[in-house]
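What follows is each chain in one-letter form.
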Amino acid sequence: LEASPFSTKIFSLFDTDGSGTVDFHELVLCLWSYCTLKEEELKIFALEMYDMDDSGKLDRKEVHHILEDIYGSSYDTNPMAKT
């Protein structure tokens, strides 16, 4: 994966000690933590990552931020963003 704001956010969840690397212990704990979540809990987790104003909803600006984090600032012309 290329580095992006989205991958940086995800990496920071794994790198719990802030060392800039993910050791085996961090990897296992993070995978266990997120892989054992139920569908509804995963939805809440995903929402909380980008709900900047804690409204419980994603507004247009927050959705724009998600798209930029995943596809870059030119997401509107990125063919992967259209699928």
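Here the structure is shown first, and the text comes after it.
Owing to the predicted nature of the structure, the values given are computational and were not obtained by experimental measurement. (Residues numbered from 1 in each chain as written. Predicted model: local features only at pLDDT ≥ 70, side-chain atom pairs only at ≥ 80, totals over all residues. Heavy atoms only, no water.)

J.: Give a detailed account of the environment of alanine 3, specifying residues and quantitative values.
T.: Structurally, alanine 3 can be placed in the segment before helix 1 (5-14). Along the chain, alanine 3 and histidine 65 lie 62 residues apart, while their C-alpha atoms are 16 Å from each other. (Helix = DSSP H or I, 4+ residues; strand = E, 2+ residues; numbered from the N terminus.)

J.: Could you give me a rundown of the state of the cysteines, with the residues and numbers involved?
T.: With the rule as written, the count across this model stands at zero disulfides. The thiol sulfur of cysteine 30 is not disulfide-bonded, and the nearest other cysteine sulfur, from cysteine 35, lies at 8.4 Å. (Disulfide = S-S within 2.5 Å.)

J.: Please give an account of a nonpolar patch on the surface that cites residues and values.
T.: Taken together, the side chains of Phe11, Val22, Phe24, Leu27, Val28 and Leu31 make up a nonpolar region of the molecular surface, amounting to roughly 510 Å² of accessible area. Sort the elements by how many residues they give to the nonpolar patch and helix 2 (residues 24-35) lands first, with four residues. Its place among the elements puts leucine 27 in helix 2. Assessed through its relative accessible area of 34%, leucine 27 is described here as partly exposed. (Patch = residues over 30% accessible without salt bridge, like charges linked within 9 Å, V, L, I, M, F, W, Y side chains within 5 Å. Areas by Shrake-Rupley, 256 points an atom, 1.4 Å probe, with all protein chains shown as cover. Salt bridge = Lys/Arg side-chain N within 4 Å of Asp/Glu carboxyl O. Buried < 20%, exposed > 50% of the residue type's maximum accessible area, 1.4 Å probe, protein only.)

J.: Quick one: what's the story with the pattern of salt bridges, residue by residue and with numbers?
T.: Under the counting rule described, the total for this entry stands at two salt bridges. Its salt-bridge partner being aspartate 69, residue lysine 9 comes within 3.9 Å of it at the nearest N-O pair. Taken together, the residues lysine 9 in helix 1 and aspartate 69 in helix 4 (residues 60-71) connect sequence positions 60 residues apart. You can call lysine 9 partly exposed: its relative accessible area is 24%.

J.: Any details on the packing of aromatic side chains? Residues and values, ideally.
T.: For the structure shown, the criterion picks out one aromatic pair. Taking 4.7 Å as the distance between ring centres and 40° as the angle between the ring planes, the aromatic pair formed by tyrosine 34 and phenylalanine 45 counts as tilted. Pair noted here: tyrosine 34 is in helix 2 and phenylalanine 45 is in helix 3 (residues 39-50), with a separation of eleven residues, a long-range link. For tyrosine 34, a relative accessible area of 28% puts it in the partly exposed group. (Phe/Tyr/Trp six-rings, centres within 6.5 Å; stacked < 30°, edge-to-face > 60°.)

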